[in-house]
Amino acid sequence: EWVLDPFAGSGSTGAAMLQWEREEGSARPFVLAEAGAAFDALLLPRIARLTGAGTWARGRAESHDPLPVVHRVIRLDA
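Residues numbered from 1 in each chain as written. Predicted model: local features only at pLDDT ≥ 70, side-chain atom pairs only at ≥ 80, totals over all residues. Heavy atoms only, no water.

Along the backbone of the chain there are two helices and four strands. If you list the helices and strands of the chain from N to C, you get β-α-β-α-β-β. In terms of overall dimensions, the chain is globule-like: its C-alpha atoms have a radius of gyration of 13 Å, near the 12 Å expected for 78 residues. Projected onto its principal axes, the C-alpha positions of the chain cover 40 × 30 × 15 Å. Residues classed as buried in the chain amount to 22% of the 78 residues present. Sequence separation of at least 24 residues holds for 59% of the intrachain contacts in the chain that already meet a minimum separation of 6. If you sum the accessible surface of the chain, you get close to 5,800 Å²; carbon and sulfur atoms cover 55% of it. Each charge class in the chain can be summarised by its mean position, and for the 8 positive and 10 negative side chains these summaries are 6 Å apart. (Helix = DSSP H or I, 4+ residues; strand = E, 2+ residues; numbered from the N terminus. Rg over C-alpha atoms; globule rule 2.2 N^0.38 Å. Buried < 20%, exposed > 50% of the residue type's maximum accessible area, 1.4 Å probe, protein only. Contact = heavy atoms within 4.5 Å. Areas by Shrake-Rupley, 256 points an atom, 1.4 Å probe, with all protein chains shown as cover. Lys, Arg positive; Asp, Glu negative; His and termini not counted. Charge placed at Lys NZ, Arg CZ, Asp CG, Glu CD.)

Right, here's the structure in full:
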């Protein structure tokens, strides 16, 4: 089952899906779409951080257990 978030904003849906994978041990593919400046400022850095470290506190990684995931970024110009 795929999860689609067409208005991803800060990436909360993506963060929840990555947390699901860590807790359940099974991945569910997801697509996040964002048309605004939030993509580069919030969404992409958040997903990159969460795939590289499992737990965070006060902006610092507490564990370094990367997830075996693939990021694919597709940029569309208007």
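Tracing the backbone through its elements, the reader meets Pro 66 in the segment after strand 4 (60-61). You can call Pro 66 exposed: its relative accessible area is 59%. With 61 residues separating them in the primary sequence, Pro 66 and Asp 5 have C-alpha atoms 23 Å apart. Beyond its immediate sequence surroundings of up to four residues, Pro 66 is in contact with Thr 51 and Gly 52.

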